[in-house]
Amino acid sequence: MPKITYVTHEGSRYEVEAETGTTVMENAVKNLVPGIEAECGGACSCATCHVYVDEAWVAATGEPEPMEEDMLDFAADPKPTSRLSCQIKVNGDLDGLVVHIPSRQA
């Protein structure tokens with residue numbers, strides 16, 4: 001199973017094994033990673049699962065779709081590498097993915 005590392009704003013690291021086909025958000029919630037609120041449950045209708053994709057993984061995770069881009073307008077402190085973790089599907093190419101959790105969610 002691919003491994004994802006979540007890095008909190010304070011620098012704590014949470015490495016989890018993620019099932020292919022799930023989302024980065026689902027794995028954070030399932031493994032009680034702090035800082036991912038996921039209020040809409042993955043429907044891409046809020047920005048409370050906002051993460052910063054590590055620079056080394058931006059190409060592998062792809063670009064946000066237009067709906068996600070619209071929701072990122074509501075994210076707290078967005079950056080060029082911002083994504084909604086509910087929109088990043090886990091696959092074998094993401095083994096080792098690192099995402100950083102902002103200090104607060106929208």
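Anything mentioned here points back to the structure above.
Let us look at the structure shown here. What you see is a predicted model, and the numbers here were worked out from it, not measured in a lab. (Residues numbered from 1 in each chain as written. Predicted model: local features only at pLDDT ≥ 70, side-chain atom pairs only at ≥ 80, totals over all residues. Heavy atoms only, no water.)

1. Some details on the overall build of the chain
What counts here: The helix count covers DSSP runs of H or I at least four residues long, the strand count covers runs of E at least two residues long, and both are numbered beginning at the N terminus. With the radius of gyration taken over C-alpha atoms, the globule rule is written as 2.2 Å times the number of residues to the power 0.38.
When helices and strands are counted, the chain shows three helices and five strands. Secondary structure of the chain in N-to-C order comes out as β-β-α-β-α-α-β-β. What you see for the chain is a C-alpha radius of gyration of 12 Å, in line with the 13 Å of a compact globule of 106 residues. Over its C-alpha atoms, taken along the principal directions, the chain stretches across nearly 30 × 25 × 25 Å.

2. Digging into the state of the cysteines
Our working definition: When two cysteine sulfur atoms lie within 2.5 Å, the pair is treated as a disulfide.
Evaluated as defined, the whole model comprises zero disulfides. Looking at the unpaired C40, the closest cysteine sulfur is the one in C46, lying at 3.6 Å.

3. A look at the environment of T20
Put simply, the rule is: The contact criterion used throughout is that any non-hydrogen atoms of two residues lie within 4.5 Å.
The topology assignment puts T20 in the loop between β2 (13-17) and α1 (24-30). For T20, the residues in contact, after removing those within four places along its chain, are P2, V90 and N91.

4. Quick word on the pattern of salt bridges
Worth spelling out the cut-off: The term salt bridge refers to a side-chain nitrogen of Lys or Arg lying within 4 Å of a carboxyl oxygen of Asp or Glu.
Applying the stated criterion across every chain yields a total of one salt bridge. Of the charged contacts in the structure, one is a salt bridge between E68 and R83, with a shortest N-O distance of 2.7 Å. Highlighted residues: E68 in helix α3 (residues 66-72) and R83 in strand β4 (residues 82-84), separated in sequence by 15 residues.

5. Points about a negative patch on the surface
Quick note on the threshold: Nonpolar side chains (Val, Leu, Ile, Met, Phe, Trp, Tyr) are joined into patches within 5 Å and like charges within 9 Å, using only residues with over 30% relative accessible area and no salt bridge. Accessible surface area values rest on a Shrake-Rupley calculation with a 1.4 Å probe, where residue burial reflects the displayed protein chains alone. Charge counting treats Lys and Arg as positive and Asp and Glu as negative, with His and both chain ends excluded. Charge positions are represented by NZ for Lys, CZ for Arg, CG for Asp and CD for Glu. Exposure categories follow from relative accessible area, calculated using a 1.4 Å probe and restricted to protein chains: below 20% of the type maximum is buried, above 50% is exposed, and the middle band is partly exposed.
A cluster of acidic residues, E63, E65, E69, D70 and D73, forms a negative patch on the protein surface. With respect to the element layout, D73 can be found in the loop between α3 and β4. Judged by its relative accessible area of 62%, D73 is exposed.

6. Things to note about the nonpolar core
Under the convention used in this document: Buried Ala, Val, Leu, Ile, Met, Phe, Trp, Tyr and Cys residues that are joined via side-chain atoms within 4.5 Å together make up what is termed a nonpolar core.
I4, Y6, V24, I36, L84, L97 and V99 are the most contacted members of the largest nonpolar core, which totals 29 residues. Residue assignment for this core shows that the elements contributing at least two residues are β1 (3-7), α1, β3 (50-53), α3 and β5 (97-100). If we ignore the near neighbours within four places in the chain, the residues touching L97 are K3, I4, T5, V24, V53, W57 and T61.

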